[in-house]
Amino acid sequence: MIRFDDILEKASSLYSEKDITTLKKAYVFAARAHKGQIRRSGEPYLSHPLEVAMMLSEMKLDRVTLAAGLLHDVLEDTDVTAADLKKNFGKEIADLVEGVTKITRVQDTSPEARQAESIRKIILAMTDDLRVIFIKLADRVHNLKTLKFLPEDKQKQIAQETLEIYVPIANRLGMGRMKAELEDLSFRYVSSEEYFKMVSFVEPQKKKAEKEIKKIKKTLQDLMKENNISAEIFARIKRLYSIYNKMKHQNIDFDQVYDFMAIRIITDSVKNCYAALGIIHQNWPHFPHRFRDLISMPKPNLYQALHTTIITENKQTIEIQVRTQAMHNMAENGISAHWKYKEKSPRSIMKEDARLHWLREMVELYKEQKSPKEFLKNLKIHLIPEEIYVFTPKGKVVTLPTGASVLDFAFKIHSEIGLHAKEAIVNSKKTPLKTILKTGDIIEILTSSEKQPRRDWLNKAFTSRARYHIKHWFNQQDKIKNSAMGKKLWEKKIKEYKLPSPWLKKENLLKRLSEEIPFRLPDIDAFYALIGSGKVVLNNKFMEKLFQEEQLADKKETLLEKVVAKVAKRPKPLIEVKQADEAIINLAKCCAPIRGEPIIGYITSGKGMTVHAQRCALVKKEILNPQRFVDASWSSSSAEGSYQSKLLVKSQDSPGVLAKLTTAIAELGGNITKAQVDTFADQKAQIKLTIIIRDIKHLEQIVKKILGIKEVSFVERV
Ligand code: MN
């Protein structure tokens, strides 16, 4: 078991005296809390937080992270409360420990829901303070190291979860060393058969390989010296999991795995990276398709290096990575390197670091997708992105996830280009916006200021960035529509109420509104939008509440005003709605109301007013929001319209019934546009008619007449 002093020894040069005091206090606190507890390995429980803190100190993380690492299990496994922690160590450390604990406490029955829930908790905890994940990763590493003491099914579950959740997160954050360790530790439990196969394959080859790689290393050292390139050279056998992954990926067998040796060259400058590469390529043949310049084209997690694979005189293949010391640190520690120095606040790091954009995207994604299954599916795509590289016409490289479309490319270049994309030229050919891109494509987007997004773009865009911008645009449009509609309703209302003129001033009105309604109102348009979306209903109750202190004028119009209004009126509206004018009225498609039958108005977000028949199932079953209903009636003086209605007629199946029906309808001036007759074995017939009529009375007359036909037993409006 490691001792606290071992950590202190390592830490003493990195931390101030005050820091050390906090760490000592945390150690004593944890020791007391876990007193008497034993791990399954038989060791005292305290050994676990000590190991975790040791790892965190090796990553040179700050005092707060280290202290929280020592305390990370006290909330979960002891009587200590969050309040105790806050009292003793302050809010920052207490919050961090609580964050770690929340991730641990996931109880959901289905494995899918459980996984989605853990990822959600991790992501939310990370957005609060990224250091939570550093502790959690270290915790995972030590738990995996002691996994052999757990029952077999638990072993597999924990290892699997590590590969599916923690490894991708470590990768996203660029924490290469943590990722590698988690992978190798989990591999053994997740696919133990393959693991031991790999071991038995690699071990015997190792000796031969080590001899060869030593030789190459020596040659490289000489070459670098000759050319005045300062370089440190490391030779290694690749990690088992990465060999295994390559085999699986390329679908090859053990005897076909030829490169499990790797060399890493660390130089002092970018210039020397390329110089070293030139020397390597001059001295050995290399595989052109395996060369990758990740310096000029870093991975999304900011990993940078040159990768090439050479063939030696003895026909051995060796992968060589060339990078600077700074790139090396980045590759090993990734984002956690920020916390080594206390220059910036965690918040500002979270804001600035490009590697955390996905984290925010994940939070958006979670808000958007309520079903755990959907969330998990999308999350896995975003968490383990296979990238493609495409080009602008000027040769600029654009990195996108596999599956991205032309539209995603457009939004990646700029949201304005995405929103106004008209068409695309991919590899000199006109190409639809939905086309999925592949590495090497050269894409030009043609835009037009008149072009606007369509709803179906949401099915064509893959990246959350594009989807966000498209949705945002539609929300804006809805707001504009709602606000125009709301303005009309409001203006009508204030005419009706004859508000005293001070209230016509926006500032006065806004002030009163802010006091009366529970919404934020940056401007008057925001208020109109609330009316238009039905969130504020301008009924008498509302108006009276708003202007309770005012003497509202008598709502009745004077005779003169009536005359003026009558003269000024445009063609008669079809429907009179208490709070709207006909320009924004639609007839509901679900019930297709007919002039004369009882109706009711319903304010729809973004669409104005929809008029339903009162018999409509949506109205009767109270599926619609009752707050948004407004009274409506058919205008008595309006011209007759022509309405479509569907009837179901049941009758005996005898010749001439259809003829009798059509005659009856025609005699009353109805117009049949469609008729469908079904006959049945029991001499019964069923006729579906679509007819055009003037109003509900007209329909009633027709129904009455049809019922007068002796073969007809039943008529119903459908
Ligand atoms: Mn733990």
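Here is what the cut-offs are and how they apply
Residues numbered from 1 in each chain as written. Predicted model: local features only at pLDDT ≥ 70, side-chain atom pairs only at ≥ 80, totals over all residues. Heavy atoms only, no water. pLDDT = per-residue confidence, 0-100. Contact = heavy atoms within 4.5 Å. Pairing = 2+ DSSP bridges. Helix = DSSP H or I, 4+ residues; strand = E, 2+ residues; numbered from the N terminus. Donors = N, O, S within 2.8 Å, 3.2 Å for Na, K, Ca; no water. Buried < 20%, exposed > 50% of the residue type's maximum accessible area, 1.4 Å probe, protein only. Phe/Tyr/Trp six-rings, centres within 6.5 Å; stacked < 30°, edge-to-face > 60°. Axes fitted to C-alpha atoms, helices over the stretch in contact; angles between N-to-C directions.

**Student:** Please clarify how the confidence of the model for the protein should be interpreted in this entry.
**Tutor:** Atom-level detail of predicted coordinates should not be read off regions where pLDDT is low. Per-residue pLDDT for the protein has a mean of 82; in total, 85% of the residues score no lower than 70. Confidence over residues 553-561 falls short of pLDDT 50; this stretch has nine contacts with residues more than four positions distant or in other chains. Between residues 563-573, whose pLDDT stays under 50, and residues either more than four places distant or in other chains, the model counts seven contacts.

**Student:** Looking at this structure, how should I read the sheet that holds strand β5 (residues 317-324)?
**Tutor:** Either a parallel or an antiparallel arrangement is found when strands of a sheet pair, and the pairing is made through backbone hydrogen bonds. Taken together, five strands build an open sheet; the order of strands is β1-β2-β5-β4-β3 and the sheet is mixed. Of all the strands in the sheet, just β1 (231-237) and β3 (292-293) have a single pairing partner and so form its edges. Of the pairings in the sheet, the one linking strand β2 (residues 261-267) to β5 comprises seven bridges and is parallel in character. The residue of β5 that forms the bridge with I265 is V322.

**Student:** Looking at this model, I keep getting lost on the coordination of the manganese ion. Mind explaining?
**Tutor:** In a perfect tetrahedron of four donors around a metal, the angles come out at 109.5 degrees. In a perfect octahedron of six, they are 90 or 180 degrees. Those protein atoms acting as donors to the manganese ion are H48 (NE2), H72 (NE2), D73 (OD) and D139 (OD), and they sit at 2.1 to 2.3 Å. Read from N- to C-terminus, the donor residues coordinating the manganese ion fall into the pattern H-x23-H-D-x65-D. Remark: D73 occurs in the loop between α4 (63-71) and α5 (74-77) and H48 occurs in helix α3 (residues 47-58); sequence separation between them is 25 residues. By relative accessible area, which is 8% here, D73 ends up buried.

**Student:** What am I meant to see in the packing of aromatic side chains here?
**Tutor:** Given two aromatic rings, their pairing is described by the distance between the two centres and the angle made by the two planes. Following the criterion strictly, the structure yields eleven aromatic pairs and no others. Between F187 and Y195 the ring centres are 5.4 Å apart and the planes differ by 80°, which places this aromatic pair in the edge-to-face class. The same class applies to F187 as to Y195, namely buried. With 5.1 Å between their ring centres and 85° between their planes, W473 and F474 make a pair best called edge-to-face.

**Student:** What is the right way to read the sheet that holds strand β9 (residues 429-431) from this model?
**Tutor:** Read from one edge to the other, the open sheet built from three strands follows the order β9-β8-β10, with strand pairing classed as antiparallel. With partners counted over all chains shown, the strands left at the sheet margins are β9 and β10 (443-447), one partner each. On average, adjacent strands in this sheet sit at an angle of 35° to one another, irrespective of strand direction. Inspection of the sheet shows strand β8 (residues 421-426) paired to β10 by five bridges, in the antiparallel sense. The residue bridging V426 from the neighbouring strand is I443, located in β10.

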